[in-house]
Amino acid sequence: MVEPFLRSSATLPRPRTPLVGRVAEVALVSELVVRADVALVTLTGPGGVGKTRLAIRVAEEVQARFPDGVWFIPLASVNSPALVPTAIASALDVQETSHRSREEIIGGMLAGRRALLLIDNVEHVLGAAPFLARLLELCRSVVLLATSRVPLGLSGEYEVAVPPLALPPLGRLPGVAELTEVEAIRLFLDRAAAKRSGFTLSEESAPAVAALCYRLGGLPLAIELAAAQLRHATPQALLARMDRSLSLLTGGPEDAPERQRTMRDAIAWSVNLLRPEDRRHFQRLSVLVGEFDLSAAQAVAGGEEAVMFEAIGRLVEHSVAQHRDGADGLPRYAMLEPIRQFGRELLEADPEVEGVQRAHALHYLGVAEACRGRIEGPEGRAVLDQLEALQPNLRAALAWAIPHGEEEIAGRYVVALWKFWWVRRYVSEGRWYLEAALAMPDLRLEHRLEAHYALGGFAMGLRDLAGARRHAEAGLPLAREAGHLFWQHALLVMLGHIARAGGDSGEALARYREARPFFDAAEGHELFKRHALAMLLAGIGAAEFGRGDLEAARRATGEAQAIWRDRGDKWGQGIAALNHGAIELRANDVDAAAGHYREGIVFHRELGDKAAVAEGLGGAARVLLARGNHEGAARLFGAVEALVGTEGHPGPAMIMLDRADPLDRLREAIGADGFASAWEAGSALTMDDAIEMALEETLAPTAPASRPPPNQLGVAEPLSARELEVLRLIAEGLPDREIADALFISRRTSTTHVTHILNKLGVNSRSAAVALGMRLGLI
């Protein structure tokens, strides 16, 4: 099973400000989502009414009733209904590694699970509602809690209209003490105190505060915007200023609901309090989606860094933008979605909109292109994480470039991002953008060729060999006609991979041999040529493996591994390690195979490539099988099945691994009931648990048979082989963290081992454990 987003309420996204009040709504929605006959609850209401915060609070309240997890799935940055399944799959860590549809993969992962999916901001992708309906049909124990400005319109949907906060009776106000218990007033006072230290409600200010909350319709976001102005004004002055300002506003579309017009008016009022130059900055910054940094703000709004820093500071001061410090210590900014959407409305009416959009697209294109060259190197994990954080703006840039016919920008984007989409398994989303770029008539040939190559690789990853061949054979004539040697090489290698995947090692070797001269003669592409050569050599190694020539396979794989090691390419080193594991397992060198699988798992775990990790875990299961640990092998195979959702072959998807299915042997060895029990236990493992099992139990090197067992006389319970390893590292002075690193285990597991050692030896300190271990001959 995939690790759920939520194990405790602490892992839910923290709203910018806490929920105030809403006791009745939380109770109502909480009661609904845990009912056995309810599958879909939609919280509806205008932007700024607090739907997301209410949904998160409900998720915190009911999490114990959903033992298989609660996931938060934000859709604000998803720009097409077609990409909603990808967003859900990404949130669930479901990786697309087979020919099955995303619906089937997600459904297979969630079937029979009691889980809650909190899907936020659905209103702009309502076309995905049929997909959600099919998902609920497949997963009868799953509940969807959605937030949207309008209902989804599905059968069985329970709509809960989120009302504004409760207001006091305006005609005859209660006393100050009673007034502070009214929800809208409580929120105003809470936010006001954060802006104006020591602010409290008094007999003099109470009427103005109540009138302000009324004027703003009890909408939480509008009240927060007003409270932010108390740094510079009293409630009485603020009310007078608001009445004058709002009377000049249009009130939004005449056919919009009154609350929606009120929300829009409140945002407009707050924006109109800004300096003219800050209003211009706000308008331009609204093109940025999600978090952004100072360099992005400069790119779209112009100006010197110091000027922009001060301008954004004023936006934060007026609560039009928010600020936090990033992990690198540098500031990050964001706007709440209703505020950003208001800014976008203003920007769309501005003649400068195209220039701002282009500046936004070019800025993030520069970042993506700078990252592309560093994915295959020692910084790979950090670069992938950086691109992950930029996803909302990368999507927004592509959503502008493709329909606007910006072939050059769109082409450069898909070329820069396809490797990220592949490693992080945004496969369907990546295909969608690559195919959209290919459909652009004036796409540059270089970009077209790489798009065909990437799409061929994506199709192979989904076991669609016919689709992979179609793209390779579409690109190869174009490369030949243009005399493009590098892409002739790359696409011939792709055809070799396809032949190998189809079981024809002879054709694969012929294609690889045909490709090599083009590579040697090609000029340019220096950034990727060494990697391309390593991929060619790895393919040759795999094909030789398929033919049964293990020595040739070992030699070619080793050459590929050396190239990747020199480049610091952990992804490539991980591939080579898994391939070496398969070779040594076929050669019956089980300990060598275990070491290679261990290395491959560690590399791919670090990069976050979960499909490749699952391949390594499948190899680890075969190591267990070879060592006679049938129950452990069945358990690990069950974990791989749950993690990658494969059909028929729960082992790794790596093409060069021996395809002999071991499951019948396991059933025979431990019986049908024992196999089923072990398989079920493995299916319940999270990926981290499965990795820990593989690294610690399955892949631990076996002790040489000639080594005598250590003297453990006098120990209440003998130390295990792993505990002896840990004890020796303690004797070397290593702390738990360094022990974990040395043994490729988690720090938690390292600490657990130390605790077990102390308990078994009957001592209460590490130094005492070392001293006793030396006396007993354990060290």
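Residues numbered from 1 in each chain as written. Predicted model: local features only at pLDDT ≥ 70, side-chain atom pairs only at ≥ 80, totals over all residues. Heavy atoms only, no water.

## Observations regarding the overall build of the protein
Note the cut-off: In this text, helices come from DSSP runs of H or I with a minimum length of four residues, and strands from runs of E with a minimum of two, each type numbered from the N-terminal end. Each residue's exposure class comes from its accessible area (1.4 Å probe, protein chains only) as a fraction of the maximum for that residue type: buried when under 20%, exposed when over 50%, partly exposed otherwise. Residue exposure ignores everything except the shown protein chains as possible cover, and the areas themselves are Shrake-Rupley values with a 1.4 Å probe.
In terms of regular secondary structure, the protein is built from 35 helices and seven strands. With 779 residues in all, the protein has 56% of them scored as buried. Of the roughly 31,500 Å² of accessible surface on the protein, a fraction of 52% belongs to carbon and sulfur atoms.

## Some points on helix H23 (residues 505–521)
To be explicit about the condition: Multiplying one less than the number of residues by 1.5 Å gives the expected span of a helix.
For H23, which comprises 17 residues, the first-to-last C-alpha distance of 25 Å matches the rise-based estimate of 24 Å (1.5 Å per residue) to within 8%. All of the buried residues in H23 are Ser-505, Ala-508, Leu-509, Tyr-512, Ala-515 and Phe-519.

## Details of helix H25 (residues 550–567)
Operational definition: The arc in question is the one traced by the directions running from the helix axis out to the C-beta atoms.
Relative to the 26 Å expected for 18 residues at 1.5 Å per residue, H25 spans 26 Å between its end C-alpha atoms, a close match to the ideal helical length. Buried within H25 we find Leu-550, Ala-552, Ala-553, Ala-556, Thr-557, Ala-560, Gln-561, Ile-563 and Trp-564. Buried residues in H25, looked at end-on, bunch into an arc of 165°, giving them a common side. Phi for Gly-568, located one or two positions after H25, is positive at around 70°.

## Some thoughts on the pairing of strand S6 (residues 322–325)
The side chains of a regular strand alternate, residue by residue, between the two faces of the sheet. Counted only if it meets this: Two strands are counted as paired when DSSP detects at least two bridges linking them.
In terms of strand pairing, S6 meets strand S7 (residues 331–334) through four bridges, oriented antiparallel. The partner of Asp-325 across the bridge, within S7, is Pro-331. Taking the residues between adjacent antiparallel strands as the criterion, S6 and S7 are bridged by five residues, where Gly-329 takes a positive phi near 85°.

## Re the nonpolar core
Just so we agree on the cut-off: We define the nonpolar core as a collection of buried residues of types Ala, Val, Leu, Ile, Met, Phe, Trp, Tyr and Cys that are connected through side-chain atoms lying within 4.5 Å of one another.
Residues Ile-88, Leu-110, Leu-117, Leu-285, Tyr-413 and Trp-421 are the most contacted members of the largest nonpolar core, which totals 141 residues. Residue contributions to this core peak at eleven residues, all from helix H18 (residues 407–423). With 55 residues, the next largest nonpolar core counts Val-38, Val-62, Leu-216 and Leu-230 among its residues.

## Details of the environment of Pro-378
Applied cut-off: The contact criterion used is simple: two residues touch if any of their non-hydrogen atoms lie within 4.5 Å.
Summarising the element assignment, Pro-378 is placed in the loop between helix H16 (353–375) and helix H17 (380–401). The class of Pro-378 is exposed, set by a relative accessible area of 60%. For Pro-378 and Trp-571, which are 193 residues apart along the polypeptide, the C-alpha to C-alpha distance reads 9.4 Å. If sequence neighbours within four positions are ignored, Pro-378 has contacts with Arg-567, Gly-568 and Lys-570.

## Observations concerning the sheet that holds strand S2 (residues 70–74)
Here is the rule we go by: Structural elements are reduced to axes, namely lines fitted to C-alpha atoms, with helices fitted over the stretch in contact, and the angle between N-to-C directions of any two is expressed from 0 to 180 degrees.
Spatially, five strands are ordered S2-S3-S4-S1-S5 in an open sheet, and the strand pairing comes out parallel. Every other strand in the sheet has two partners, leaving S2 and strand S5 (157–161) as the edge strands with one partner each. Adjacent strand axes in the sheet meet at a mean angle of 15° when their direction is disregarded. Judged from the five bridges that link them, strand S1 (residues 40–44) and strand S4 (residues 142–148) form a sheet pairing that is parallel. In the strand pairing of S4, Val-41 is matched with Leu-145. Across the sheet, helix H3 (residues 84–91) touches S2 and strand S3 (115–120), and the angle it forms with S2 is around 140°. The strands touched by helix H5 (residues 129–138) are S1, S3 and S4; relative to S4, the strand with the most contacts, the crossing angle is about 160°.

## Thoughts on the packing of H18 against helix H19 (residues 427–438)
The condition that has to hold: The labels follow the angle: roughly parallel below 35 degrees, roughly antiparallel above 145, roughly perpendicular from 65 to 115, and oblique for the rest. If you view the pair so one helix is near and one far, a crossing is left-handed when the near helix is turned anticlockwise from the far one by less than a right angle, and right-handed when it is turned clockwise.
The N-to-C vectors of H18 and H19 enclose an angle of 160°; their axes lie 9 Å apart at closest approach. Considering their axes alone, H18 and H19 lie roughly antiparallel with respect to each other. Relative to H19, H18 is oriented so that their crossing is left-handed. Touching Val-414, Trp-418, Trp-421 and Trp-422 of H18 are Val-427, Gly-430, Tyr-433, Leu-434 and Ala-437, all from H19.

## Digging into the environment of Pro-163
Mapped onto the elements of the fold, Pro-163 is located in the loop between S5 and helix H6 (176–179). As for Pro-163 and Gly-217, which are separated by 54 residues in sequence, their C-alpha atoms are 9.9 Å apart.

## Looking at the pattern of salt bridges
Threshold: The salt bridge definition used is simple: a Lys or Arg side-chain nitrogen within 4 Å of an Asp or Glu carboxyl oxygen.
On inspection of all chains with the given rule, the structure shows 32 salt bridges. Two residues, Glu-60 and Arg-57, come together in a salt bridge whose shortest N-O distance is 3.7 Å. With Glu-60 and Arg-57 both in helix H2 (residues 51–62) and three residues apart, the pair spans about one turn of that helix. Exposure remark for Glu-60: the relative accessible area of 19% places this residue in the buried category. Among the charged side chains, a network of salt bridges with common partners joins Arg-53, Asp-190, Arg-191 and Glu-224.

## Some details on unusual backbone geometry
At Asn-121, a residue that is not glycine, the phi angle is positive and equals roughly 65°. Relative to the helices and strands, Asn-121 is located in the loop between S3 and H5.

## Looking at the packing of helix H20 (residues 445–461) against helix H22 (residues 485–501)
Taken N-terminus to C-terminus, the directions of H20 and H22 make an angle of 15°; their axes are 11 Å apart at the nearest point. Overall, the two elements H20 and H22 adopt an arrangement that is roughly parallel. Taken as a pair, H20 and H22 cross one another with a handedness that is left-handed. Residue-level inspection shows Glu-446, Leu-449, Glu-450, Tyr-453, Gly-456, Gly-457 and Met-460 of H20 in contact with H22, the latter providing Trp-487, Ala-490, Leu-491, Met-494, His-497, Ile-498 and Ala-501.

## Details of the packing of aromatic side chains
Just so we agree on the cut-off: Aromatic rings from Phe, Tyr and Trp, with only the six-membered ring used for Trp, were paired whenever their centres fell within 6.5 Å, and each pair was classed as stacked if the ring planes differed by under 30 degrees, edge-to-face if by over 60, and tilted otherwise. Geometrically, a lysine NZ or arginine CZ counts as sitting over a ring once it is within 6 Å of the ring centre and also within 35 degrees of the ring normal.
Here the structure, examined in full by the defined rule, presents ten aromatic pairs. With 5.8 Å between their ring centres and 20° between their planes, Trp-422 and Phe-458 make a pair best called stacked. Taken as a pair, Trp-422 in helix H18 and Phe-458 in helix H20 lie far apart in primary sequence, 36 residues in all. An identical accessibility class is assigned to Trp-422 and Phe-458; each is buried. Clustering of aromatic rings is evident, with ring pairs tying together Trp-418, Tyr-453, Phe-486 and Trp-487. Across from the ring centre of Trp-571, 4.1 Å away, lies the NZ or CZ of Lys-419, which sits over that ring. Looking at Arg-586, its charged tip hangs above the ring of Phe-545, at a distance of 4.2 Å from the centre.

## Describing the confidence of the model for the protein
Spelled out, the test is: pLDDT expresses, on a scale from 0 to 100, how confident the predictor is about each individual residue.
Mean pLDDT for the protein: 84, with 88% of residues reaching 70 or above. Between the elements of the protein, mean pLDDT differs from a low of 70, seen in helix H11 (residues 258–272), to a high of 96, seen in helix H13 (residues 294–301). Note on residues 246–257: pLDDT is under 50 here. Beyond four places in sequence and across chains, it has 17 contacts. This model gives residues 646–660 a pLDDT under 50, and the stretch forms 49 contacts once residues within four places in sequence are excluded.

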